[in-house]
Amino acid sequence: MKFRIYRYDPDKDSQPRMQDYDVEMQPSDRMLLDALIRIKSVDDSLSLRRSCREGVCGSDAKNINGKNGLACITRLSDLKEPVELRPLPGLPVIRDLIVDMTQFFKQYHSVKPYLVNNQPSPEKERRQSPAEREELDGLYECILCACCSTACPSFWWNPDKFVGPAGLLQAYRFLADSRDEATSERLDNLEDPYRLFRCHSIMNCVDVCPKGLNPTRAIGKIKDLMVKRAV
Amino acid sequence: MAIPVRKFDAVIVGAGGAGMRASLQLAEAGFKVAVLSKVFPTRSHTVAAQGGIGAALGNMGEDSWMWHMYDTVKGSDWLGDQDAIEFLCREAPKVVIELEHFGMPFDRNADGTVYQRPFGGHMQNFGAGPAVQRSCCAADRTGHAMLHTLYQRNVRANTHFFVEWMALDLVRDASGQVLGVTAMEMETGEVSILHARAVLFATGGAGRIYSASTNAFINTGDGLGMAARAGIPLEDMEFWQFHPTGVAGAGVLITEGVRGEGGYLLNKNGERFMERYAPNAKDLASRDVVSRAMATEIKEGRGCGPDGDYLLLKLDHLGVDLIEDKLPGIREIAKKFANVDPVKDPIPVVPTCHYQMGGIPTNYRGEVVAPQSGDPEVVVAGFYAAGECACASVHGANRLGTNSLTDLLVFGKASGDTMIRFLKENPGHKDLPKDAADKTSARLARLDSQQGGESVHEVGAEMRRIMQAHCGVFRFPDMLIEGVKKIKETAERVKRTQIGDKSKVFNTARVEALELDNLIEVAVATLVSAEARNESRGAHDRADHHQRDDVNWLKHTLWYKESSRLDYKPVHMKPLTVQSVEPKVRTY
């Protein structure tokens, strides 16, 4: 099977290049990550992140034939050859397929991604009805792989100012939690020409999310909350 | 070569459930704590846990921590330490409630309480049954929800994470006290000494010693390798859990929660065979029992598929609504990795290496203990371990489903508290020994200058093949003897591995070579310990000694790296406050 892979090692390359690989796959190689590991077994200089190999840890996001996705749950049989692999777009490249995710996590941290409830802790759990809990479905499952934010032109242009779809999905995850008490502070934190409102609903994020989540919908709901409190 | 030194009150190696529960205690108490992780914290393998956290909340009907304790002792086949098990089960409800207060998105009952599902080996009335609903869950993504919640809480507490740093060796002084670790920043390849007053290992398991494993690539037993090289023994390493339901061929986990919600296993005749092996608990018997039953079915020619090498997990009768509500992740995995939609077709599954019951010996406070002048459990000053890398021992010879996440929360928190007490009583850093980084420098220099060595990939694959063939669900004396010989030969080859990539920048070939140094210690410990244990107990099943032998073998194994020596120590049969659970025949 044929691959074209983005290579760059600042230790020895003056600029990035594309390297071609033609490797024989085994019947047990089903996913793109299996192929990458096979390539690495013959060329150990190819650097990539990977861990769970089942789509839950979010390590191995990359740009696969032009579209962001997770290597471990992308079937080889679904890919057109040569399979062109590049690092996630819009973030600085550290080496090969490994990007510097500092800016991505900075935006995630900026939404205060933790439950705020300053009431004294009750002895038992805080009650939440099944309907209230259901509000968190489609939000808490995010694996922070960054496929969405690095597919978003608004994030490419303003990674320092626009929170991006992943961060905003998590902002809404806490706004939507019946146990959270910081709604107004959370909305204040996003009331800004860039942080929330740079989303123009082009839905690239929805298109690439490997977990089938919908950040655009969550962003829309945050905008609704903004409107609601303004009137 | 001068290696930079950074000082902290405490260093935690590993940012999974145990590491982050401990870091929260320390950070919230105002200590300067560094948490090292090979991966961004939410990528730690806790993320892959599916089915739930065991705690006797009693939300679904009557339950008691004493029933939970009984089940855990029985599940451990009496090899678990009963003081630690009492502590685990008594503390479990408290740490689960705390986690809910941190924001964990647990599933809910109509009255707003946390939903709990049945799980293997969890029963009412001190094992008499029927099954109890004790597993607190968030659909089939409990580990994911828990790990993210703990990370989020650590963001709030301003915990200092060193992301993509790999710890390489333990630093001990002449008295044996632990004073820190050496570690490599992966992005730059630079090595530092992290000098601390207390060090916690929360490095997870080493399931990657087997070819077929539910474990992530990062589960390479780094803490065990570092401890073993520093002269600390490894406890009960012969006990590995083979999870009954790994996706055949792929190894990916299918939660026991499927059977908890009503799914069951079938052989090629469409027979629900667990009824023969465990008439009461059936498919919800303990994991070692179910895995052995499955291996027996396959061995006796009742496996499914063209090669008769797997069994089927049926859940379509649960209906699409329940599957979408409680097991959505399973449906996703089955479609992706087994090409079946479980709302229509059964999933092909096979017992797959999943969990390491053994590890670094600790007491129930999280302090690492080792024999010294006749006392089997002397505290190693400044050294702590929690989670899968530790052996408290609450899981003994077989862990019950859901008890791993409980273990992370209970012992993560307890070790954090113990460290806080130690830090308060022992102000000031002790001086680092002059040779603090020598061992690490020598390993790295050897790897960089190695000529004519073998590829890490090939030697690693050989190790995994040996473990798979010689130390699986069923263990045969001749295969064990041969396995010990082969794995020791492989260990010699590991000393001569060579990497092509010599770059300083994010050199994952170097990381994998250093990981193999750790894996091989675990593999040798496992085979040597297994070969010596002449009985069958929990997950260790010997063809030549089919019975448990409490007269000779009701004891913990200790393996030392030095000459691969074995020692033994007694099991703690006495709980902290309640009556001991006396050994008896274990049936489900």
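As the structure is a computational prediction, the values presented were derived from the model and not from experiment.

A.B. asks: In this structure, what is going on with the overall build of chain B? I would like to understand it.
C.D. replies: Helix and strand counts for chain B come out as 16 helices and 22 strands. Computed over the C-alpha atoms, the radius of gyration of chain B is 23 Å, within 12% of the 25 Å expected from 2.2 N^0.38 for a compact globule of 588 residues. With respect to the principal axes defined by its C-alpha atoms, chain B has extents near 65 × 55 × 50 Å. Long-range contacts, defined here as pairs at least 24 residues apart, represent 74% of the contacts in chain B between residues at least 6 apart. For chain B, the exposed area adds up to about 18,500 Å²; of that, 50% sits on carbon and sulfur atoms.

A.B. asks: Looking at this model, I keep getting lost on helix α15 (residues 508-532) of chain B. Mind explaining?
C.D. replies: Because each turn of an α-helix spans 3.6 residues, side chains separated by three or four positions in sequence point in the same direction. Residue and element names in this part refer to chain B. Here α15 is 25 residues long and its end C-alpha atoms lie 36 Å apart, about the 36 Å a rise of 1.5 Å per residue gives. Here α15 lies mainly inside the structure; 23 of its 25 residues are buried. The backbone nitrogen of Ala509 lies 3.1 Å from a side-chain oxygen of the residue at the head of α15, namely Asn507.

A.B. asks: In this structure, what is going on with the pairing of strand β11 (residues 240-247) of chain B? I would like to understand it.
C.D. replies: The side chains of a regular strand alternate, first on one face of the sheet and then on the other. All names here are of chain B. Burial within β11 is extensive, with 8 of its 8 residues counted as buried. Sheet topology note: the β11/strand β14 (residues 347-356) ladder contains 6 bridges and is antiparallel. Its bridge partner lying in β14, Gln241 is registered against Tyr355.

A.B. asks: Please explain the packing of aromatic side chains as it appears in this structure.
C.D. replies: Where two aromatic rings form a pair, the distance of their centres and the angle of their planes describe that pair. Per the stated rule, a full pass over the model turns up 16 aromatic pairs over all chains. Arranged with centres 5.5 Å apart and planes meeting at 45°, the rings of Tyr151 of chain B and Phe161 of chain B form a pair that is tilted. Taken together, the residues span a long stretch of sequence, with Tyr151 of chain B in helix α4 (residues 142-156) and Phe161 of chain B in strand β6 (residues 160-163) at a distance of 10 residues. Both residues of the pair, Tyr151 of chain B and Phe161 of chain B, belong to the buried class. Taken together, the aromatic side chains of Phe104, Phe105 and Tyr108 of chain A together with Phe40, Tyr151 and Phe161 of chain B make up a single cluster linked through ring pairs.

A.B. asks: Would you explain the interface of chain A and chain B in this entry?
C.D. replies: Quoted interface sizes are often the accessible area lost when the parts come together. Each side of the interface is counted separately: chain A has 61 residues, and chain B has 65 residues. Surface buried jointly by chain A and chain B totals about 5,100 Å² across both partners, of which 51% is contributed by carbon and sulfur atoms. Of all residues in chain A, the largest losses of buried area upon contact with chain B belong to Arg53, Glu125 and Tyr140 of chain A, amounting jointly to 14% of the total for that side. Of the charged contacts in the structure, one is a salt bridge between Arg49 of chain A and Glu164 of chain B, with a shortest N-O distance of 2.5 Å.

A.B. asks: I keep staring at the sheet that holds strand β2 (residues 17-22) of chain A and nothing clicks. Help me out?
C.D. replies: Two orientations exist for strands paired in a sheet by backbone hydrogen bonds: parallel and antiparallel. Residues and elements named next belong to chain A. One open sheet accounts for 5 strands, arranged β2-β1-β5-β3-β4; its pairing is mixed. Both outer strands of the open sheet, β2 and β4 (67-70), are each paired with one neighbouring strand and no more. Adjacent strand axes in the sheet meet at a mean angle of 30°, parallel and antiparallel pairs treated alike. Along the sheet face, helix α1 (residues 32-42) touches β1 (2-7), β2, β3 (61-64) and β5 (83-86) and points at about 75° away from the line of β1.

Conventions and cut-offs
Note on numbering: residues in each chain are counted from 1, in written sequence order. Written order determines the labels here, with chains lettered from A and ligands numbered from 1. Only residues with pLDDT of at least 70 get local features here, since the model is predicted, and only at 80 or more are side-chain atom pairs given and counted; chain-wide, interface and lining totals rely on the full set of residues. Values shown for side chains rest on all heavy atoms present in the structure; no hydrogens or waters enter the calculation. Secondary structure elements are taken from DSSP: a helix is a run of H or I of four residues or more, a strand is a run of E of two residues or more, and numbering for both begins at the N terminus. For this measure, only C-alpha atoms enter the radius of gyration; the expected value for a globule follows 2.2 Å times N^0.38, where N is the number of residues. Whether two residues touch is decided by their heavy atoms; if any such pair falls within 4.5 Å, the residues are in contact. Each accessible area value is a Shrake-Rupley result obtained with a 1.4 Å probe; residue values ignore everything except the protein chains displayed when judging cover. Working rule for helices: expected span equals 1.5 Å times residues minus one. Relative accessibility thresholds used throughout: buried, under 20% of the residue-type maximum; exposed, over 50%; partly exposed, between the two (1.4 Å probe, protein chains only). The term polar contact refers here to a pair of N or O atoms within 3.5 Å; inside protein, the definition further demands a hydrogen-donor-capable atom paired with an acceptor-capable atom, and it admits residues adjacent in sequence only when both atoms are side-chain atoms. Paired strands, as defined in this entry, are two strands with at least two bridges between them according to DSSP. Stacked, tilted and edge-to-face are the three classes assigned to paired rings of Phe, Tyr and Trp, where Trp is represented by its six-membered ring and a pair needs centres within 6.5 Å; plane angles under 30 degrees give stacked, over 60 edge-to-face, the rest tilted. Note on definitions: buried area is the accessible-area loss of two parts on being combined, 1.4 Å probe, summed for both. Salt bridges are defined by distance alone: a side-chain nitrogen of Lys or Arg within 4 Å of a carboxyl oxygen of Asp or Glu. Geometry is summarised by axes, namely lines fitted to C-alpha atoms with helices restricted to the contacting stretch, and by angles between N-to-C directions that run from 0 to 180 degrees.

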